[in-house]
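# Commentary on secondary and tertiary structure
Each chain, letter by letter, is given below.
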Amino acid sequence: MEATDPHPESVEPERARPTGLGAFPAFSILRCVLPPPLLPRCSVARLALVLLVLLATPSAHADAVAEHASLRLRYGLSLRDGRQADVGPGLTYEGFTPNDMAAVGTAWLGTSWLGAWAGLQREAFDLREGALRITGGSLWRASVGPRARAFLGPVRAELGAGYGFSQLPHFSDSAEPVLLRGVRHAVVVGGLVRFPLLLGLQLEARGELPVSLSVRDATGARAEATGFSAGGALLVPLRRAERWTGTLVLDFQHVQDTVTLEDGTQSRQRLRRMGAALELAWHDGVRTTRQVPVPVVVVVVPGSVRFHVLDARTGAPLPGARVMVEGEAHVADAQGLVEVASLSPGPVSAQVTAEGYASAEAAVTVEEGVRAELEVRAAPLPPPTGALRVTVVDARTGAPLPDIRVSVGTAQVRTDLTGQVVVRDLAPGPVAVAVASSGFRSVDEAAVVIAGQESTLSVPLASEKKGTRATLVGQVRSVRGGKPLAATLLMTKARVRARTDAKGAFNVQVRGGTYRITISARGHLSQTKVITLREGERTILNVDLFPRGKR
């Protein structure tokens, strides 16, 4: 901006005169590297660059890196405006200056919270009237001190305090200005906060406040100074290697300083910096990633299995078989089929059980959205069996008879020294027993075999004798559990009618001959047997009657 001109005739009437302090020949700082008409185009170009970076950020997932050190190199433009009030006409100015450069380095103790920083900044100052340079030069700022950092979730915060050196501008005389440099030594307190954004971008806000320790003007006289700075930046990740990262920083900073000299002269300036920086950070290759996990939705199409349950011996289907799949029971239909749907892809095992069959297992791999076929064959269980213990004794003395031939069904065995023999694996139900030995009369008996149990049968053998009556003894039982029955024996030819005792036993003596005997009991079917009795012999007849309705 220009100051008031004491020679109005040299000023074009159509030019708007800026306001300012005092009246002296107009001076101005170079407003831009480009002419003023191109300023809007500069702004549009910068905005387009920012949008391009936002939309085309390569590998934009910038992890929070616990770095050992970082270096930020910055170049940009400065928009400066200020004024000086003194005993002269006063001075106001504004404009753009290029070649605004800065370097800031930070180092940390490993990946801990404690570190240090140092910064150096150059400000270009150029006061011009048109193409004529009036005065100018460079102003420097530097700072150094300890620094601390902390990670609060995804937010990174830093705080530092240290020594700050600044050169502040003031002018010797507003009528004929010459740039002078005041010096401020101060304690600088500053900090920054960094927030994550979308696409791996980060937003940085920072501020700095100097507390003056000593202020001198260009002549070394005492002065006073106040000020502050605040700014922000958009960080765009460019490169991420194993031990370093590169970041583009789009930076803005506002700086304001006021210098008051001993003679009352006061110089104020506001500086707004805009620029781009490249930040390099070095780390040890171990990144502390603070990313919010994004849930991944995986759609899995279930599969199904159709089981064919068959008889392992005949291949016939087994309706009613139970198929256990993943803890759930399924029943096979009339064709022995079971279909299980909504199964997760992967291996699936099944266990098949059916009455009269041994349990069978099978496995199949279910594929996504596919129905698998699996044939399961179950082996039939062997039929249940029982055992029969036969004891052969002498009918007269009751002594056991060893080595006596005993026929049980189709099995041929002999008694041991105790007169006993055990025949196993017999089918449940009635079985014929025949006992024969020389010197004894042969005996034919019938016994009932019960599944899973050992039945017993005692057979007395009588010696062969002549001229005496024949004896018929025996027991009447029910085939249902071998329970003794109160039964009636009718021998019509011998005119004998006898009843059994409480144990179902009977004892009848008749002449030798062949007789038809009818045995009957309440609730059971009667039986008629033809038997030949020899005189002097004792014949044993054990009878098992079937309950009515069963055969």
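This one's a predicted model, so the numbers in the text were calculated from it and none came from an experiment.

Tallying secondary structure elements over the protein gives 1 helix and 33 strands in all. In the protein, the share of contacts with a sequence separation of at least 24, taken over all contacts with a separation of at least 6, comes to 60%. Here the protein displays about 29500 Å² of accessible surface, and carbon together with sulfur accounts for 58% of that area.

This part is about the pairing of strand β5 (residues 132-152). Two strands pair when backbone bridges link them, and strand β4 (residues 114-129) and β5 are joined in this way by 16 bridges, in the antiparallel orientation. Paired with W117 across the bridge in β5 is G145. Relative to strand β6 (residues 155-171), β5 runs antiparallel, the two sharing 10 bridges. By the bridge assignment for β6, S143 is matched with G164. Between β5 and the antiparallel strand that follows it, β6, lie 2 residues; G153 among them carries a positive phi value of about 65°.

Scanning the entire structure with this criterion turns up 0 aromatic pairs. The ring of W117 is capped by R147, whose NZ or CZ atom sits 5.4 Å from the centre of that ring.

Here we come to the sheet that holds strand β24 (residues 443-449). Ordered by their spatial adjacency, 4 strands build an open sheet running β21-β20-β23-β24, and the pairing between neighbours is antiparallel. Single-partner strands in this sheet number two, and they are β21 (411-414) and β24. Recorded for the sheet is a direction-independent mean angle of 25° between the axes of neighbouring strands. In terms of strand pairing, strand β20 (residues 405-408) meets strand β23 (residues 429-436) through 4 bridges, oriented antiparallel. The residue of β23 that forms the bridge with S407 is A434.

Bringing the confidence of the model for the protein into the picture now. Here the protein averages 81 in pLDDT, while 82% of its residues score no lower than 70. Here residues 1-42 is a poorly scored stretch, pLDDT under 50, and it has 86 contacts once near neighbours within four places are set aside; other chains count. Confidence drops under a pLDDT of 50 for residues 49-65, and excluding neighbours within four residues, the segment shows 37 contacts in the predicted structure.

V305, F307, V323, V325, L343, L374 and V376 are the most contacted members of the largest nonpolar core, which totals 23 residues. Going through the elements one at a time, β12 (303-311), β13 (322-325), β15 (337-343), β16 (346-353), β17 (360-366) and β18 (371-378) are the ones with two or more residues in this core. Counting residues in hydrophobic clusters, the runner-up holds 22 residues, among them V390, I404, V443 and L457.

Spatially, 3 strands are ordered β22-β19-β25 in an open sheet, and the strand pairing comes out mixed. The sheet is open, and its two edges are formed by β22 (420-426) and β25 (454-461), each paired on a single side. Mean inter-strand twist for the sheet, computed between neighbouring axes without regard to direction, equals 20°. Relative to β22, strand β19 (residues 386-394) is paired through 5 bridges, and the arrangement is antiparallel. The residue bridging L388 from the neighbouring strand is V423, located in β22.

Here is what the cut-offs are and how they apply
- Residues numbered from 1 in each chain as written.
- Predicted model: local features only at pLDDT ≥ 70, side-chain atom pairs only at ≥ 80, totals over all residues.
- Heavy atoms only, no water.
- Helix = DSSP H or I, 4+ residues; strand = E, 2+ residues; numbered from the N terminus.
- Contact = heavy atoms within 4.5 Å.
- Areas by Shrake-Rupley, 256 points an atom, 1.4 Å probe, with all protein chains shown as cover.
- Pairing = 2+ DSSP bridges.
- Phe/Tyr/Trp six-rings, centres within 6.5 Å; stacked < 30°, edge-to-face > 60°.
- Lys NZ or Arg CZ within 6 Å of the ring centre and 35° of its normal.
- Axes fitted to C-alpha atoms, helices over the stretch in contact; angles between N-to-C directions.
- pLDDT = per-residue confidence, 0-100.
- Core = buried A, V, L, I, M, F, W, Y, C linked by side-chain atoms within 4.5 Å.
- Buried < 20%, exposed > 50% of the residue type's maximum accessible area, 1.4 Å probe, protein only.

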